[in-house]
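Coordinate inspection notes
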Amino acid sequence: MESIDLSSMTDIEKTKLFKSVLEELGVTHESRWLETMKICSADPRYFVLSSYGRRHNAFAIYLSQATKRAKVKRILETRRSYDEFFEVLEEHLKNENNKARSLEDCSSATVRMVEEDPRYKAVSDHHERRSMIRSFFIDRERRMRDVHRAKRRENMGALRAVLDKHSSGETPTFHERTSFRQVCDVLAKDPAFLALDEPDRSVVYDEWQNEQRAKVMEARAKEKERKRAQERAKRGAFREKLEELIMSGEIELTARYKDVLPILKEKKWFASTVDQETKTSDLYRDVIDAIEEKLARHKDKFRSILKDAGLSVELGTTFLSIWEKTQPALEENKISKFYAEALFSRQQEKLTVAKKKEEKRVQRIKEDYWDLLRRKEVNEKSSWHEIKVGLISRVLKPTEGTLCINRCAVFSPDLLFRSLYPVGQRTRISLHLEERNYQKSLSTSTSLIGARKKNVGGRDIGSQKGTNRR
């Protein structure tokens, strides 16, 4: 054997050389250290590692690696034998009855061929063989069920395709109200129909019918939504046109619908935005309510703007004078000219109504005053006390109320201040007269009564009205 130059080798190279020596001499994972020393001591390469401890340490590492290699080899051999065992079972039992659950359920010839196969005998453990046979039949049954399910799904899909074909087109044979019996009568000879049993046919039919009904309901819902959208568009167009007419002043905000309808019918857009189902009266009220709501929101702001500008709405005030001075503030608060004019008109209407009420009240007071004076004989020598007592005794009864003279006011011949305050079923009448002006106005009042009787042809109208009021 050639000598080895150890001076040029590293420790790693020396260790590899030592392990190669062990492998060449047949040292396995089951070898012992003492036996290995006897076998390898005659080889000079054994002493490549100078110390005993380094050689023993390298042997321990080699032994551990050899043990792992042997274990992996044993596992691979066992796995290969198991695979070959399953291959034997698959080859010999593929034609057996599907209901077989063990080798006892198979034919004796098949069992004999399986047991004589060397690959069967490669698994020596009896319990291991029985466990593997049981696993094989369980897996075989599962695979057969999967195949049956796949075939069933395929047949059900084919029948579903037939149903879809008969339910499509311009003249479908089936629809969502077609019964299962009618489907069976039509498809009695169809291969896809015959490939399934009765329960599977019923399942396919139920799924198909539910889908058809869902499609019909979806189509109806879409059609309904389309009609609703059209109605909303028509109602929106009607509202816009109606608002334009109101804003332009062609239709008054307080007008009744029956008065507005003839104006609307004259418009070209009325027929295109209104159908039989549209209630134009409701739409008209909605538009009016929306405008009224906006007016209510702008009311306080409009008053505040007028107050800040030092303006007020009077009977003689014009809207243009208000608009010229408050236009920037109104536009800043998003109050258009239409709403400002409407609010202005309403305030003037309130003032007009209040003025008319006041005029009616004053007229009633005059008539009452004339009637009271007519009932009492008055001359230039009459005193205020006599007239007052006479008026009270003629007008009031003791059970009707009480006379309250609680403050003085300037008395004129055309005015009698009279106020009524309801208290239960009684009436309290306040007559505000000033005694110091009575003599001054007496002659004027008498002449007024005479002139009034002359104007009506001598007929006592004041007396008649006073009698009716009492």
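All values derive from a computational prediction rather than experimental measurement. (Residues numbered from 1 in each chain as written. Predicted model: local features only at pLDDT ≥ 70, side-chain atom pairs only at ≥ 80, totals over all residues. Heavy atoms only, no water.)

1. Let's talk about the overall build of the chain
Test applied: The helix count covers DSSP runs of H or I at least four residues long, the strand count covers runs of E at least two residues long, and both are numbered beginning at the N terminus. Burial classes: relative accessible area under 20% of the type maximum marks a residue as buried, over 50% as exposed, and values in between as partly exposed (1.4 Å probe, protein chains only). Working rule for contacts: check all heavy atoms of both residues, and any pair within 4.5 Å makes them a contact. To be clear on the numbers: accessible area is Shrake-Rupley with a 1.4 Å probe, and residue cover counts the displayed protein chains and nothing else.
Within the chain one finds 17 helices and 3 strands. Every one of the 470 residues in the chain was classed for burial, and the buried ones make up 31%. Considering only intrachain contacts with a sequence separation of at least 6, the fraction spanning at least 24 residues in the chain is 67%. Per element, the accessible surface of the chain, about 31,800 Å² overall, is 51% carbon and sulfur.

2. Describing unusual backbone geometry
Of all residues except glycine, most have a negative phi; of all peptide bonds, most are trans. The phi angle at Lys334 is positive, at roughly 60°, despite the residue not being glycine. Along the chain, Lys334 turns up in the loop between helix H13 (319-332) and helix H14 (337-375). In this structure Lys334 comes out as exposed when scored by relative accessible area, which is 71%.

3. Considerations on the nonpolar core
Where we set the bar: To form a nonpolar core, buried Ala, Val, Leu, Ile, Met, Phe, Trp, Tyr and Cys residues must be joined to one another through side-chain atoms within 4.5 Å.
Residues Phe238, Leu242, Ile246, Ile251, Leu264 and Ile291 are the most contacted members of the largest nonpolar core, which totals 35 residues. Those elements that provide at least two residues to this core are helix H9 (198-248), helix H10 (257-265), helix H11 (269-273), helix H12 (280-308), H13 and H14. Filtering out sequence-adjacent residues up to four positions away, Ile291 remains in contact with Ile246, Leu253, Phe338 and Tyr339.

4. A few points about the packing of aromatic side chains
Stated precisely, the cut-off is as follows: Two rings from Phe, Tyr or Trp (for Trp, the six-membered ring) form a pair when their centres sit within 6.5 Å of each other. Planes less than 30 degrees apart are called stacked, planes more than 60 degrees apart edge-to-face, and all others tilted. Lysine NZ or arginine CZ positioned within 6 Å of the ring centre and within 35 degrees of the ring normal marks a charge as sitting over the ring.
Evaluated as defined, the whole model comprises 14 aromatic pairs. When the centroid spacing of 6.2 Å and the interplanar angle of 75° are considered together, the rings of Phe174 and Trp208 count as edge-to-face. A residue pair is termed long-range when its members are at least 10 positions apart, and Phe174 in the loop between helix H6 (126-166) and helix H7 (180-186) and Trp208 in helix H9 qualify at 34 residues. This pair shows no difference in class: Phe174 is buried, exactly as Trp208 is. Both rings, one in Phe338 and one in Tyr339, keep their centres 5.2 Å apart while their planes meet at 75°; by these two values the pair is edge-to-face. What makes Phe338 buried here is its relative accessible area of 17%. Among the residues examined, Tyr339 registers a relative accessible area of 7% and is labelled buried. In this structure an aromatic cluster arises from ring pairing among Phe174, Phe180, Tyr205 and Trp208. Residue placement shows Arg201 over the ring face of Phe193; its charged tip is 4.2 Å from the ring centre.

5. A short note on helix H2 (residues 33-40)
The following threshold applies: By arc we mean the arc of the directions from the helix axis to the C-beta atoms, nothing more.
Along H2, the residues classified as buried are Trp33, Thr36 and Cys40. Taken end-on, H2 shows its buried residues confined to a sector of 60°, consistent with a single buried face. Projecting away from the buried face of H2 at angles above 90 degrees are the exposed residues Leu34 and Lys38. Those residues of H2 that are buried lie in contact with helix H1 (11-24) and helix H3 (52-93).

6. With respect to the packing of H6 against H9
Convention followed: The angle between two axes is taken between their N-to-C directions and runs from 0 to 180 degrees, where each axis is a line fitted to C-alpha atoms and a helix contributes only its stretch in contact. Relative orientations are named as follows: roughly parallel for angles under 35 degrees, roughly antiparallel for angles over 145 degrees, roughly perpendicular for angles from 65 to 115 degrees, and oblique for any other angle. By definition, turning the near helix anticlockwise from the far helix through less than a right angle yields a left-handed crossing, and turning it clockwise yields a right-handed one.
Look at H6 against H9: their axes get within 10 Å of each other, and the N-to-C directions meet at 45°. Taken together, the axes of H6 and H9 lie oblique to each other. Crossing of H6 against H9: the hand is right-handed. Note on element contacts: H9 touches H6 through Asp200, Arg201, Val203, Val204, Tyr205, Glu207, Trp208, Glu211 and Gln212, opposite Arg152, Met156, Leu159, Arg160, Leu163 and Asp164.

7. A closer look at the confidence of the model for the chain
Low pLDDT marks regions whose predicted coordinates should not be analysed in detail. Stated formally: Every residue is assigned a pLDDT by the predictor, reflecting its confidence on a scale from 0 to 100.
Residues with a pLDDT of 70 or more make up 76% of the chain, whose mean pLDDT is 76. Counting contacts from residues 394-440, a segment whose pLDDT is below 50, to residues more than four positions away or on other chains yields 80 contacts. Contacts of residues 451-470 to residues separated by more than four positions or lying in other chains number 21 contacts, the stretch itself having pLDDT below 50.

8. Some remarks on the environment of Lys337
Note on placement: Lys337 falls in helix H14. Remark: the alpha-carbon pair of Lys337 and Trp323, spanning 14 residues in sequence, is separated by 7.8 Å. Residues in contact with Lys337, not counting those within four places in the same chain, are Phe319 and Trp323.

9. Considering the pattern of salt bridges
Should the charged atoms of two oppositely charged side chains come close, the side chains can pair. For clarity, the threshold we go by: In the sections that follow, a salt bridge refers to a side-chain nitrogen of Lys or Arg positioned within 4 Å of a carboxyl oxygen of Asp or Glu.
This structure, assessed with the given rule, holds 26 salt bridges. For Asp146, the salt bridge is made with Arg142, and the minimal N-O distance between the two is 3.4 Å. Linking Asp146 with Arg142, this pair stays in helix H6, spanning 4 residues, or about one helical turn. Across the pair Asp164 and Arg160 runs a salt bridge, and its minimum N-O distance is 3.3 Å. Of the two residues, Asp164 and Arg160 both sit in helix H6, 4 residues apart, roughly one turn of that helix.

10. Focus on H9
The criterion, for reference: The span one expects for a helix is its residue count, reduced by one, times 1.5 Å. In protein, a polar contact means a hydrogen-donor-capable atom and an acceptor-capable atom, both N or O and within 3.5 Å, with residues adjacent in sequence counting only if both atoms are side-chain atoms; elsewhere, any N or O pair within 3.5 Å suffices.
For H9, built from 51 residues, the straight-helix expectation of 75 Å at 1.5 Å per residue is met to within 8% by its first-to-last C-alpha distance of 74 Å. Listed in full, the buried residues belonging to H9 are Asp200, Arg201, Val204, Tyr205, Trp208, Gln209, Gln212, Phe238, Leu242, Leu245 and Ile246. Capping of H9 at its N-terminal end is provided by Asp197; its side-chain oxygen lies 3.3 Å from the backbone amide nitrogen of Asp200. Positive phi shows up at Gly249, right after H9, with a value of about 90°.

11. Structural notes on the packing of H3 against H6
Interaxial distance between H3 and H6 falls to 11 Å at its minimum, and their mutual angle equals 55°. Relative to H6, the element H3 lies oblique. Seen from above, H3 lies across H6 with right-handed handedness. Along the contact surface, H3 presents Tyr82, Phe85, Phe86, Leu89, Glu90 and Leu93, while H6 presents Glu128, Arg129, Met132, Ile133, Phe136, Phe137, Arg140 and Arg143.

12. Description of the side chain of Ser31
The topology assignment puts Ser31 in the loop between H1 and H2. Within the structure, Ser31 has its side chain in polar contact with the backbone nitrogen of Thr28 (distance 3.0 Å). Apart from the residues within four sequence positions on either side, Ser31 is in contact with Gly26, Thr36, Phe59 and Leu63.

13. Considering the side chain of Thr36
Tracing the backbone shows Thr36 in helix H2. Relative accessible area serves as the criterion here: at 1%, Thr36 is assigned to the buried category. If near-sequence neighbours (up to four positions away) are discounted, Thr36 is found in contact with Leu22, Val27, Ser31 and Phe59.

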